[in-house]
Amino acid sequence: MNSFRSRFLLILAITAIPLIGGTVLAQAPVQTPDQTATPNGQVHALYDAITFSVDIDPNLYTNPFDSADIELVGVFHGPSGRQVVIPGFWMQPYTDTCVEPCRVENLQASGDPIWQVRFSPDEVGDWSYSLQISDDRTTVDTKTGAFSIEASARPGFIHVSANKRYFQYDAGQSYFPIGHNLNWSWDDGGGLVAYRRWLEALSASGGNYARLLIDDPFFIGLEWNSAAGNYTASQKEAARFDEILDMAAEYGVSLQIIVLWHQALTTYQGIPVVAPENPSRPDTSADWDDYGYNVRRGGVLSGAGIFFSSAQARQLFQRRLRYIAARWGYSPQIFAWEMIDEIDHTTNYNAQTAAAWLQTMAGYLRQVDQNRHLITAGSRDFDTTILDSPVLDFTQAWFFQRRPFETVADQVVGSVSAIRQNLDAAEVPVLLNAFSLNPWFEPTREDVEGISVQTTLWASAFSGAGGGAMSAFGETYVVPLDLQRYYPPLAAFASVVNWAKLDLQPADAALLSDDDSLYQPMRIDGFLQRYGVDDAEPVTHLITSDGVVPDVSTVPGYLYGRLYNTQWHQAQQYRVTIPHATSLEARVRATSTQAGARLVIQVDGETTAELVLDAGAKDVALRVPLSVGEHTITLENQGDDWLQLQSVEIGALSAPVRVLTLRDADAGVALSWLQYRSYTWDRLGEPRPPLLFRYRLDRMPSGRYTVELWNPLTGAVIGQEFTTVGVNGILNFELVPMSDELAVRAVRRSDELPTATQPPTLTAVVPSHTPTAFSIETNTPLPTATSTDTPRPSATASSTPTDTATVTPTFTDTATTTSTATSSPTRTPTRRPTRTAVPTATPTDSSTSALTATTSSTPTTTPYR
């Protein structure tokens, strides 16, 4: 356009946005959102939402959403000299005209469309700004001004903490997400009225997180009502999200926003089950046929399969990202932008093409959003191409059983396994963003008490994830059954942990008992019985009472010697924490017929036993003793030629109670969650006799410790002990009898008079299956660290074959080699020989035909919508 005429009407609206999260529990004072003032010279509080409204003649542009046609930006200069560029946007204001009591909102257009720039300053001091209007990429008018910012109690935006595993606010406080999915609403479901009810209840229970979609045709969506790139027909939908952001600020809930719904790029196939009629639900069958990018809807694409590779589609999606960042990027209540929820289940999915699209789109969003919010993306199945993308600030794990098509799986094992798989893929935080007993509808009939919600919530928090687990069915399951009653206990526990500052890493604590009958053996088999090994870096595998991490299915069953095939010589290393004096047995199935082998077992770096094997030897075993405590075990072939491992078995490892532990070995902090294995949603009616254990955790710094015992079902601190860790680094104390769950918080102290932690005031609703609480006297002396430390017996080797058949524990959860996690594996390089490779006899297929890997009970993750 050759001429330009603009009229400015500047209005400064101040809205206080309080936040709750992690250790941030008190809300900042809320100012009324309708306050106005002249921008120049005004003083506002840190993170106030300041809105600049600009009147621009509508005759001067064709599409207000196309920045090549018309563009408004705000350029802000902070007291530190930093420049922040915020895009402006066009909007049609709406007003809710419903008369209380309202069943659903009644949004009506109010007044003329307006242009706005929304900005939340993040520095205290004097700011200057300029509002710049461009016509056809040429700046044609500018308005300048200034304002001042004073300190406030608001913690600010959320970022990844320095330890790269957790989150924190600008002000430094930890943000530990607790909440669930609130996917969508619709008119018949209560609309915004329902969202207010949901967010209010979530906040009252100590929750601080919700995940929702802003790309659907029945509630909030910008590109379902018209062709992509023009949002005029979707202003009512956008106004709904304005309201939800205001509600989130009022109730202190941070939101993860799904920007692109994967189903828009698919052909809906329905679900393989009949969903219950109650509760009611919207029609979620919308797909590519209804989307604004489809040429049949006025879009630019002939098929969904080219969405990620089309240059036109990329430009239009960037336009949408710009509008989203401009209208809603001001808000600290937005925890993260989720670019797409199931990128791997879109039409004609190609991981490399999708990863390139994700990198481009995330880079653009960071630019227009000024890097104020975290960015993530979701994949239904584990996809390293996506999850290892450098553009993601954190990754997402999902775990869905497939009830009723599959038998009941261990919910904790499956959830923790999914989390640890992500933790191993990238050095960024991980959240279990969606889980359920099935992916299609809420499990109300199977788990009316919500035990699967409560146990998954705590398992996630103690697995190394950056927050609690998020139920996939918040609005149709958690809220109607009041399962939010399980949030206050975890919120109370999380509030006394400095997640952002500590270096908490998964560890393995031991539960000690004098009752030998409580422990069952753990057998590891299912090694990769293939000649040769890949060039992958060797990994230290963690043996837990639930299995081995990572899964040994990729571990070579052949150990190669030092004379032949030396390019494949590689030791195997395992880490295990032993609760009861026992032994480890390594069984060798066969040895090369061309030359002998020598199996050497080291425990904690010392050679404990070795077994010399003649050429052609079969079915022999080597057994070494293991004392109580944490050990590193190495299996290596120091002979001439290969040997074939059949199994490794630890005689006494699995107990009826599992324990997940996080440890900061430098700060002296240990956090543990203990679960009676039969305390699950499907076994509530079974008897659970109280069990008493001693707790032991190795590699803790010496000093005085305060130990708190928490009831995870009520949030009560049911006991406190004081103990000392000596130079041996063993934290050791007696627990209370337990028949369901227990949590432990142990902290090394520097003051002389330790005092009990006072958890924050949160109303906890006791479950209907009221747990029994036990108390202990605070002056009861604890057993000394050496009282349970069994000296390691003299190393002995046995070449006598023994029966190593798998023993099934007396409790239901049979330990297997399923890839379950209770600690992140440590990648430990091993020495590779430099000798020249000499060919030897290749093991035949028949040598492996009798081996069958243990089948994992972990179901494949599947979509929830």
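In short, a report on the structure. Keep in mind the model is a prediction, meaning the values are calculated, not measured. Counting restarts for each chain, with residues numbered from 1 along the sequence as it is written. Where local features are concerned, this predicted model is filtered to residues with pLDDT of at least 70; where side-chain atom pairs are given and counted, the filter is 80 or more; whole-chain, interface and lining totals use all residues. Note: side-chain values were computed over all heavy atoms of the structure, leaving out hydrogens and water.

### With respect to empty space enclosed by the protein
Picture a little ball the size of a water molecule; that probe, rolled over the atoms, points out where space is still empty. As a reminder, the rule being used: Points on a 1 Å grid, built from protein atoms alone, make a cavity when a 1.4 Å probe fits but cannot get out and make a pocket when they are open with protein on both sides within 12 Å along at least 5 of 7 lines; residues with an atom within 4 Å of a point are the lining residues. Grid points are joined across faces, edges and corners, and a volume is the space filled by probe spheres set on the points. Only DSSP runs of H or I with at least four residues qualify as helices, and only runs of E with at least two residues qualify as strands; both kinds are numbered from the N terminus onward. Each residue gets one of three labels, nonpolar for Ala, Val, Leu, Ile, Met, Phe, Trp, Tyr, Cys and Pro, charged for Asp, Glu, Lys and Arg, and polar for the others, Gly among them.
One pass over the structure, following the stated rule, counts 6 cavities of 30 Å³ or more. Of the pockets and cavities examined, the largest cavity occupies roughly 140 Å³. At the level of elements, strand E24 (510–512) and strand E36 (657–664) are the ones that each hand at least two residues to the lining of the largest cavity. Looking at the lining of the largest cavity, the element that brings in the most residues is E36, giving 3 residues. Taken together, the residues of the lining of the largest cavity sort by class into 8 nonpolar, 3 polar and 2 charged. There is about 90 Å³ of room inside the second largest cavity. Lining the second largest cavity are 14 residues, with Pro64, Phe65, Gly88, Arg322 and Tyr323 sitting closest to its centre. Contributions of two or more residues to the lining of the second largest cavity are made by strand E5 (70–77), strand E7 (89–91) and helix H3 (311–328). Counting residues per element, the lining of the second largest cavity draws most heavily on H3, which supplies 3 residues. For the lining of the second largest cavity, a count of residues per class yields 8 nonpolar, 2 polar and 4 charged.

### Description of the sheet that holds strand E16 (residues 179–181)
What holds strands together in a sheet is hydrogen bonding between their backbones, with the strands either parallel or antiparallel. Selection rule: Think of it this way: DSSP has to see at least two bridges between two strands before they count as a pair. As a rule, the C-alpha atoms of each element are fitted with a line to give its axis, helices using only the stretch in contact, and angles between N-to-C directions run from 0 to 180 degrees.
Read across the sheet, 5 strands follow the order E16-E17-E18-E19-E20 without closing on themselves; strand pairing throughout is parallel. Single-partner strands in this sheet number two, and they are E16 and strand E20 (374–376). Ignoring strand direction, the axes of neighbouring strands in this sheet form an average angle of 20°. With 4 bridges joining them, strand E18 (residues 254–258) and strand E19 (residues 334–338) adopt parallel strand pairing. By the bridge assignment, Ile258 is partnered in E19 with Glu338.

### Digging into the packing of aromatic side chains
The criterion, for reference: Stacked, edge-to-face and tilted are the three classes for Phe, Tyr and Trp ring pairs, Trp counted by its six-membered ring, which pair at centre distances within 6.5 Å; planes under 30 degrees apart are stacked, over 60 edge-to-face, the rest tilted.
Using the criterion set out here, one finds 48 aromatic pairs in the structure. Arranged with centres 4.1 Å apart and planes meeting at 20°, the rings of Phe76 and Phe119 form a pair that is stacked. Here the residue Phe76 occupies a position in strand E5, and Phe119 occupies one in strand E10 (residues 114–119), the gap between them amounting to 43 residues. Geometrically, the ring pair formed by Phe167 and Phe394 is edge-to-face, given 5.5 Å between the ring centres and 85° between the ring planes. You can see Phe167 sitting in strand E14 (residues 167–169) and its partner Phe394 sitting in the loop between helix H5 (384–387) and strand E21 (395–400), a full 227 residues away along the chain.

### A few points about a negative patch on the surface
Basically, it comes down to this: Distance thresholds for patches are 9 Å for like charges and 5 Å for nonpolar side chains (Val, Leu, Ile, Met, Phe, Trp, Tyr), applied to residues having over 30% relative accessible area and no salt bridge. Computed with the Shrake-Rupley method and a 1.4 Å probe, the accessible areas treat only the protein chains shown as cover for residues. Basic side-chain nitrogens of Lys or Arg form a salt bridge, by our definition, when they fall within 4 Å of a carboxyl oxygen of Asp or Glu. Under the convention used here, Asp and Glu are negative, Lys and Arg are positive, and both His and the chain ends fall outside the count. Charge positions are represented by NZ for Lys, CZ for Arg, CG for Asp and CD for Glu.
On the surface, Asp96, Glu100, Glu243 and Asp246 cluster together into a patch of negative charge. With respect to the helices and strands, the residue Glu100 is situated in the loop between strand E8 (94–96) and strand E9 (107–109).

### What to know about the packing of helix H6 (residues 411–425) against helix H7 (residues 451–461)
Keep this limit in mind: Put simply, a crossing is left-handed when the front helix is turned counterclockwise from the back one by less than a right angle, and right-handed when it is turned clockwise. The contact rule is simple, with two residues in contact once any of their heavy atoms fall within 4.5 Å.
Look at H6 against H7: their axes get within 9 Å of each other, and the N-to-C directions meet at 35°. Seen along the crossing, H6 lies across H7 with a hand that is right-handed. Across the interface between the two elements, Gln411, Val412, Ser415, Val416 and Ile419 of H6 pack against Ser452, Thr455, Thr456, Ala459 and Ser460 of H7. Looking at the contact of H6 with H7 residue by residue, the classes come out as 4 nonpolar, 6 polar and no charged.

### Looking at the sheet that holds strand E15 (residues 174–175)
On the basis of which strands lie adjacent, the open sheet formed by 3 strands has the order E13-E14-E15 and antiparallel pairing. Two strands lie at the open edges of the sheet, namely strand E13 (158–160) and E15, each paired on one side alone. Here E14 runs beside E15; their pairing, made up of 2 bridges, is antiparallel. Pairing of Gln168 across the sheet is with Ser174, part of E15.

### Digging into the side chain of Gln263
For the record, the criterion: Each residue's exposure class comes from its accessible area (1.4 Å probe, protein chains only) as a fraction of the maximum for that residue type: buried when under 20%, exposed when over 50%, partly exposed otherwise. By the criterion applied in these results, polar contacts are pairs of N or O atoms within 3.5 Å in which, for protein atoms, one can donate a hydrogen and the other can accept it, and in which residues neighboring in sequence qualify only through two side-chain atoms.
Note that Gln263 resides in the loop between E18 and H3. Residue classification places Gln263 among the buried residues on the basis of a relative accessible area of 4%. Here the side chain of Gln263 touches Ala286 through a polar contact of 2.8 Å, landing on its backbone oxygen.

### Here we look at unusual backbone geometry
The peptide bond linking Glu100 to Pro101 adopts the cis configuration, its omega dihedral lying at 0°. Put simply, Val549 and Pro550 share a cis peptide bond, and its omega is -10°. Its location among the elements puts Pro550 in the loop between strand E27 (547–549) and strand E28 (558–559). You will see that Asp136, though not glycine, has its phi angle at about 55°, which is positive. Structurally, the position occupied by Asp136 is in the loop between strand E11 (125–135) and strand E12 (138–150).

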